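Single-letter residue listing:
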Amino acid sequence: MQILITDRNLSRRDHRVMDFLRRQAIDNEGASNAKLAACIVLKGKIISTGRNQLKTHPFASQYRKNDDAIYLHAEANAIVNSLNHVSKDDLTKSVLYVYRIKRPDTHMNKDTVWAQGIAKPCEGCMRAIVEFNFKRVIYTTDNEDEFAVIQ
């Protein structure tokens, strides 16, 4: 797997999906300071979405980074939701997108605008990504409108 940091070389569709996920992350009430949203795209269509949330799930326990990580991550949530619609083989032809927003300064008030944050998948989510063999994974970095691509 190769990780490429870029603000170029992404298609218009990639940028539209990331814009969609930004709105989904902002609306995520399942987390407080770091809000993540993920989706899986197959043949140009979003087949599932997921958000980080304070819920447990057997899938999350299978792909957690450590024994204390019991909550469902956005990536895992999107994978679980996708398996209701497509096969594991279809995921090998799919792209996983992950978007994180955060408060730019935790000392600022609640009206502060959200900022893009790094959404690099944790060790547990990376195991799931490798097992499901996604074609590409695109996630946000700490730099506005800059994305990392794993292929």
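Residues numbered from 1 in each chain as written. Predicted model: local features only at pLDDT ≥ 70, side-chain atom pairs only at ≥ 80, totals over all residues. Heavy atoms only, no water.

Engineer: Can you walk me through the packing of aromatic side chains in this structure?
Structural biologist: Aromatic ring pairs are reported here in terms of the distance separating the ring centres and the angle at which the planes meet. This model, assessed by the stated rule, comprises zero aromatic pairs. Over the ring of F132 we find K88, and its NZ or CZ is 5.2 Å from the ring centre. (Phe/Tyr/Trp six-rings, centres within 6.5 Å; stacked < 30°, edge-to-face > 60°. Lys NZ or Arg CZ within 6 Å of the ring centre and 35° of its normal.)

Engineer: For this particular structure, what's the right way to read the pairing of strand 7 (residues 147–150)?
Structural biologist: The side chains of a regular strand alternate, first on one face of the sheet and then on the other. The two faces of strand 7 match: F147 and V149 on one face and A148 and I150 on the other face are all buried. Pairing of strand 6 (residues 136–140) with strand 7, which is carried by four bridges, proceeds in the antiparallel orientation. Opposite V137, over in strand 7, you have I150 as the bridge partner. Counted between consecutive antiparallel strands, the loop separating strand 6 from strand 7 contains six residues, among which D145 sits at a positive phi close to 60°. (Buried < 20%, exposed > 50% of the residue type's maximum accessible area, 1.4 Å probe, protein only. Helix = DSSP H or I, 4+ residues; strand = E, 2+ residues; numbered from the N terminus. Pairing = 2+ DSSP bridges.)

Engineer: Is there a simple way to think about the nonpolar core in this case?
Structural biologist: Across soluble globular proteins, nonpolar side chains have a tendency to be buried as a group. One finds I40, F59, I79, L91, L96, F132 and F134 to be the most contacted residues of the largest nonpolar core, which totals 27 residues. Listing elements by their share of this core, those giving two or more residues are strand 2 (34–42), helix 2 (58–62), helix 3 (74–82), strand 4 (95–102), helix 5 (123–132), strand 6 and strand 7. Of the residues forming this core, the biggest block, five residues, is contributed by helix 3. Ignoring any residue separated from it by four or fewer positions in sequence, one finds L96 in contact with A38, C39, I40, E75, I129, F134, R136, V137 and I138. Counting 16 residues, the second-largest nonpolar core is a separate cluster that includes L10, A37, V41 and V149. (Core = buried A, V, L, I, M, F, W, Y, C linked by side-chain atoms within 4.5 Å. Contact = heavy atoms within 4.5 Å.)

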